[in-house]
Amino acid sequence: MDLKTLIEKSDLKIAKEKILFNEPMSKYTTFKVGGPAECLVKIGNAEELKEILKFAKDNNIPVTVLGNGSNVLVLDEGIKGITLIIKIEKYEVEEQTNGNVKIKLGAGEKIAKIGRVILREGLTGFEEISGIPGTIGGATRMNAGANGREMKDIITYVKCMDYEGNEVILKNKEMDFGYRTSILKNEKYIATEIEIELQKGNQEEIKAKMDEYTAKRKNSQPLEYPSAGSTFKRGADFITAKLIDEAGLKGMHVGDAEVSTKHAGFIINKGNAKAKDILDLVNKVKEEIYQKYDKTIELEVEIIG
């Protein structure tokens, strides 16, 4: 029995409009590329997540989890099994006796939206992160960061679910945060809720900082083209974008995939790039840097499919 028939004959309580078949992943990734997901399910709460994970386990179906699709490259062949788009929303504030403020956030909340709400409430500690594309859950999974601050600096705990549908709460120190990594990258847990701790601040000063970081991004990053954000990780003893720039690789392209002329750390989709074009370009860049500098550069973007 194929997956579509299996799901249609099941007693899943998830609304039919949330379950899509043969859905092009180019609609769900910021690179705007990627083949079809065999089955795509939009998850709105922990109960739906638990139900679909149990169904997948009982039927031995592989599961892939995505948030906003902002740090991934889905291959042209697409994704087999069930692809989950985590759209769990929550915003709950709890003031502390020490003057700090704890906020419980759904993993599917978009960082940009949360940044606007936090600014309105005059809370500081989120300014540096507020411009990162993606969701709170995705940013937590990869310990995303910008302007000297990472998710690990503001998280108190992460409520997760394992792939059998069991809930677990991991405190900050249990998350194994590192450079662009956390315990969530071992594919054993899926974040559903994240609690962060911020401080009360001056709204005008917070806005000024956010505006400064936004202007910096606009001036230095190719935001006018689809991309997955920064393509490569920084090296232990070198800045990858600087090496790519010095190697004269800005503007190098394969099809419509191009090393941005604005920021050498970004590979962009100039219009009709395929995932294969992007991957081929990544490999060309890696090879050139290794040949010229004897340095191995690593992808920050995750390849899926």
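Since this is a predicted model, take the numbers as computed values, not measurements.

**Q** Quick question: what am I supposed to make of the sheet that holds strand β3 (residues 63-66) here?
**A** Backbone-to-backbone hydrogen bonds pair the strands of a sheet. The strands run either parallel or antiparallel. Strand order in the open sheet formed by 4 strands is β1-β2-β5-β3, with mixed pairing between adjacent strands. Only two strands of the sheet have a single partner each, and these edge strands are β1 (19-24) and β3. With direction set aside, neighbouring strand axes in the sheet form an average angle of 35°. Judged from the 4 bridges that link them, β3 and strand β5 (residues 79-86) form a sheet pairing that is parallel. Within β5, the position partnered with Thr64 by the bridge is Thr83. On the sheet, helix α2 (residues 46-58) packs against β2 (36-43), β3 and β5 and is oriented at approximately 170° with respect to β5.

**Q** I'm lost on the packing of aromatic side chains in this one. Help?
**A** What describes a pair of aromatic rings is the distance from one ring centre to the other and the angle between the planes of the rings. Overall, the coordinates contain 0 aromatic pairs when judged by the stated rule. The ring of Phe21 has Lys4 sitting right over it, with the charged end atom 5.3 Å from the ring centre. Geometry around Tyr179 places Arg234 over its ring, the cationic atom sitting 4.1 Å from the centre.

**Q** Can you help me understand the pairing of strand β13 (residues 189-200) in this one?
**A** Taken residue by residue, a regular strand's side chains alternate between the two faces of the sheet. Relative to β13, strand β7 (residues 100-106) runs antiparallel, the two being bridged by 7 bridges. Looking across to β13, one finds that Leu105 is bridged to Ile194. As paired strands, strand β8 (residues 123-124) and β13 are joined by 2 bridges and run antiparallel to one another. Following the sheet pairing, Leu123 is matched in β13 by Lys200. Sheet analysis places strand β11 (residues 155-162) next to β13, joined by 7 bridges and oriented antiparallel. Pairing of Asp162 across the sheet is with Tyr189, part of β13.

**Q** Just checking my understanding: could you explain the packing of helix α3 (residues 111-120) against helix α5 (residues 203-220) for this structure?
**A** Two measures define how a pair of helices packs: the angle their axes make with one another and the distance between the axes. α5 packs onto α3 with a crossing angle of 155° between their chain directions and a minimal axis gap of 9 Å. When the interaxial angle is binned, α3 and α5 end up roughly antiparallel. Of the residues in α5, those touching α3 at Gly115, Leu119 and Arg120 are Gln203, Ile206, Lys207 and Met210. Across the contact of α3 with α5, the residue classes break down as 3 nonpolar, 2 polar and 2 charged.

**Q** Hey, could you run me through helix α7 (residues 275-293) in this one?
**A** Along an α-helix, a turn takes 3.6 residues, which lines up residues three or four apart on a common side. Taking 1.5 Å as the rise per residue, α7 with 19 residues should run 27 Å; its terminal C-alpha atoms sit 27 Å apart, in good agreement. On its buried face, α7 sits against β4 (72-74), α6 (240-246), β14 (253-254), β15 (257-259) and β16 (267-269). Following α7 by one or two positions, Asp294 adopts a phi angle in the positive range, close to 55°.

**Q** How should the nonpolar core be read in this particular structure?
**A** In globular proteins that are soluble, nonpolar side chains generally tend to be buried together. Among the nonpolar cores identified, the biggest contains 50 residues, and Val41, Leu49, Ile52, Ile82, Leu84, Phe126 and Ile196 are the most heavily contacted of them. Counting residues per element, this core draws most heavily on α2, at 6 residues. Setting aside residues no more than four positions away along its own chain, Leu49 makes contact with Ile43, Leu84, Ile86, Met161, Ile190 and Thr192. Ranked by size, the runner-up nonpolar core spans 25 residues in total, among them Leu73, Ala228, Leu243 and Leu281.

**Q** Would you take a moment to explain the pattern of salt bridges for this structure?
**A** Pairs may arise between side chains of opposite charge once their charged atoms sit close together. One pass over the full model with this rule turns up 24 salt bridges. Arg141 is the partner of Glu302 in a salt bridge, and the nearest nitrogen-oxygen pair spans 2.3 Å. Here Glu302, found in strand β17 (residues 302-304), pairs with Arg141, found in helix α4 (residues 136-141); they are 161 residues apart in sequence, far enough to count as distant. Using a relative accessible area of 21% as the deciding quantity, one classes Glu302 as partly exposed.

**Q** Honestly, unusual backbone geometry in this entry has me stumped. Any pointers?
**A** Most peptide bonds take the trans form, and the phi angle of most residues other than glycine is negative. One non-glycine residue with positive phi stands out, namely Lys32, at about 60°. Along the chain, Lys32 turns up in the loop between β1 and β2. Residues other than glycine seldom take positive phi values, yet Asn60 does so here, at roughly 55°. The topology assignment puts Asn60 in the loop between α2 and β3.

Thresholds applied
- Residues numbered from 1 in each chain as written.
- Predicted model: local features only at pLDDT ≥ 70, side-chain atom pairs only at ≥ 80, totals over all residues.
- Heavy atoms only, no water.
- Pairing = 2+ DSSP bridges.
- Helix = DSSP H or I, 4+ residues; strand = E, 2+ residues; numbered from the N terminus.
- Axes fitted to C-alpha atoms, helices over the stretch in contact; angles between N-to-C directions.
- Contact = heavy atoms within 4.5 Å.
- Phe/Tyr/Trp six-rings, centres within 6.5 Å; stacked < 30°, edge-to-face > 60°.
- Lys NZ or Arg CZ within 6 Å of the ring centre and 35° of its normal.
- Parallel < 35°, antiparallel > 145°, perpendicular 65-115°, else oblique.
- Nonpolar A, V, L, I, M, F, W, Y, C, P; charged D, E, K, R; others polar.
- Expected span 1.5 Å × (residues − 1).
- Core = buried A, V, L, I, M, F, W, Y, C linked by side-chain atoms within 4.5 Å.
- Buried < 20%, exposed > 50% of the residue type's maximum accessible area, 1.4 Å probe, protein only.
- Salt bridge = Lys/Arg side-chain N within 4 Å of Asp/Glu carboxyl O.

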